[in-house]
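Topology and contacts: notes
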Amino acid sequence: MHDIKRLRQNADDVKTAIARKGFDADTAKALELDTRWRQMTQRGDEFKAELNKASKAIGMAKKAGRDAQEEMDHARSLREQAAALDDEKRAVRAELDTLLASWPAEPDPNAPEGLTENENLEVREWTPDEPAPDFKLQDHLALAEGLGILDMPRGAKITGGGWPLYVGKGARLERALINFMLDTQTGEHGYNELYVPFAVNRDSAFGTSQLPKLEEDMYLIEKDDLFLIPTSEVPITNMHRNEIIDGDSLPLKYSAFSACFRREAGAYGADTRGLLRVHQFNKVELVQIVEPETSDQTQLEILGHATEILERLKLRYRVLDLCCGEMSFGAARCFDIEVWAPGTESWLEVSSVSNFRDFQARRMNLRYRAGDHGKPELPHTLNGSGLATSRLMVAVMESYQTPEGRIRIPAALQNYMGGLDQISGV
RNA sequence: GGAGAGGUGGCCGAGUGGUUGAAGGCGCUCGCCUCGAAAGCGAGUUUGCGGUGACCCCGUAACGUGGGUUCGAAUCCCACCCUCUCCGCCA
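Residues numbered from 1 in each chain as written. Chains lettered and ligands numbered in written order. Predicted model: local features only at pLDDT ≥ 70, side-chain atom pairs only at ≥ 80, totals over all residues. Heavy atoms only, no water.

Moving on, we get to the packing of aromatic side chains. Aromatic ring pairs: the centre-centre distance and the angle between the two ring planes describe each pair. Per the counting criterion, the structure on display carries eight aromatic pairs. A ring pair is formed by Trp163 and Phe261, whose centres lie 6.4 Å apart and whose planes are at 35 degrees; its orientation type is tilted. Of this pair, Trp163 sits in the loop between helix H5 (152-158) and helix H6 (169-187) while Phe261 is found in strand E7 (residues 252-261), placing the two residues 98 residues apart along the sequence. The pair Trp163 / Phe261 is uniform in exposure class, with both members buried. Three or more aromatic residues link up through ring pairs in this structure, and these residues are Trp163, Tyr219 and Phe261. For Arg316, the ring lying beneath its charged end belongs to Trp340, and the centroid distance is 5.1 Å. The ring of Phe206 carries Arg363 above its face, with NZ or CZ at 4.1 Å from the centroid. (Phe/Tyr/Trp six-rings, centres within 6.5 Å; stacked < 30°, edge-to-face > 60°. Helix = DSSP H or I, 4+ residues; strand = E, 2+ residues; numbered from the N terminus. Buried < 20%, exposed > 50% of the residue type's maximum accessible area, 1.4 Å probe, protein only. Lys NZ or Arg CZ within 6 Å of the ring centre and 35° of its normal.)

Around RNA strand B lies a shell of 25 residues, among which Arg8, Trp37, Ser55, Arg79 and Arg369 are the nearest. A distance of 3.1 Å separates a base nitrogen of RNA strand B from a polar side-chain atom of Asp45. Between a phosphate oxygen of RNA strand B and a side-chain N or O atom of Arg79, the distance comes to 3.2 Å. Secondary-structure elements contributing two or more residues to the surface near RNA strand B are helix H1 (4-19), helix H2 (27-63), helix H3 (69-101) and strand E12 (367-369). Looking at the surface near RNA strand B element by element, the count peaks at 14 residues for H2. Its residues assigned to classes, the surface near RNA strand B shows seven nonpolar, five polar and 13 charged. (Near = heavy atom within 4 Å. Polar contact = N/O pair within 3.5 Å; in protein donor to acceptor, adjacent residues only side chain to side chain. Nonpolar A, V, L, I, M, F, W, Y, C, P; charged D, E, K, R; others polar.)

What follows is about the sheet that holds strand E5 (residues 226-228). Ordered in space as E3-E5-E4, the three strands form an open sheet in which the pairing is antiparallel. Two strands close off the open sheet at either side, each with one partner strand: strand E3 (199-200) and strand E4 (220-221). Sheet analysis places E4 next to E5, joined by two bridges and oriented antiparallel. Bridge assignment links Leu220 to a residue of E5, and that residue is Phe227. (Pairing = 2+ DSSP bridges.)

Ordered by their spatial adjacency, eight strands build an open sheet running E1-E9-E10-E11-E13-E8-E7-E2, and the pairing between neighbours is mixed. Bordering the open sheet on either side are strand E1 (121-126) and strand E2 (192-194), each of which pairs with just one other strand. Each strand of the sheet is rotated relative to its neighbour by a mean of 25 degrees, with strand direction disregarded. Pairing geometry for E2 and E7, over three bridges, is parallel. Residue pairing for E7: Leu194 is matched across the bridge by Ala256. Sheet strands in contact with H6 are E2, E7, strand E8 (280-290) and strand E13 (380-388), and its direction is about 5 degrees off that of E8. Relative to E13, helix H9 (residues 295-312) is tilted by about 5 degrees, and along the sheet it contacts E1, E7, E8, strand E9 (317-321), strand E10 (333-341), strand E11 (346-355) and E13. (Axes fitted to C-alpha atoms, helices over the stretch in contact; angles between N-to-C directions. Contact = heavy atoms within 4.5 Å.)

Set out below in structure tokens:
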């Protein structure tokens, strides 16, 4: 959500910034609505002031035993005028709020210019110190089906296409990845572990800015008007919605595992093979709520926490600085981490590390108070995946395959697999 | 799902439809006192919006949420949400 006060002062700056994301914000319309709203607010408050005064006078008159019929008639007409104005004002405010809520966040001045993935900037690439394989690589689907550890057809039977069913060692490997990641983030990087609800209400979905834009991308439980979470960012960050946090407790660092659900409406094509794009996947999420001055640094810290996982798994990855048009609705700056899938021969997004600055905080009325005195202020919120499994699973399987079609277990995961060092069957 | 009780400031807790943003207590902050502390005494201590960029000040709004009655609602009426207790069902 945008700051109306900033808009009053710097409408052109706001419009220009948002335009970098390829969005044309009608700031003139917003300013006009705001002006009308303020005028009506002022007039309405004057009516109410007079009404309050009149009511008190009536109260005193009655107490003194005097008749106050004339004053009461006058007060009634005041109330009616105030009420009419209020209705009108509410409508204008609703229109203004809807308009403001539809604008994406302003990108950071340092975010790369551009609207398509071609303008994303590669920041760095990391390659493990391993010899290149000297045999023909299979892709993850062929490998996993060959071993019987992934059963997409039965997943489709149970639910539908894109709902993976892991079997045996495949299921165990998925769980090992989750436990490894969660243990690393909570045990070593100082995140407080949460276990969150997998469904959220509309206020929460609005707070982290999935609503209104992404309504069609989420699963809606109509009967209860709840959304299945597309990421645990939503329940985690909304934990403190409508709260004033003690500044001394910042930064707040939370990590949680959750299943994530995405309709992927409109997504189709080559990306859909196997586990590349599915409706349900698992993810360990990292969220921080910090003081504004530190958020840029925090973003790099989270990026490091996420890439640490890939380095321990010895998986090749690269980091992209997303251009303005590629960032999510609420982000001011975003770094994507892509892991290399050698069998599929493509880079797979396994994490987005985003700085939302005060955009989400304002939407969800999340504030903090620095020191004992002073006004509540908006903190900055950030999150990053640390990491998402289904694609990570692809990279592990394809990178650790043997010429016989087996999958070696990365050293970092062997303890989580009961000491197993290779999958050769279910 | 059924029955009942309840939601008031950071916390506890009062509040007969009338000058109540809200008694009292706790906590916290500042001051006095003290060598220092405790105790005691005194003062202060919610947030949003508008006037105005900030302070002060003025106005307005907020007692779970949203409506309604009324000149006037924390108080009366309606709907909804949440919490607790009991019963039922259930992983």
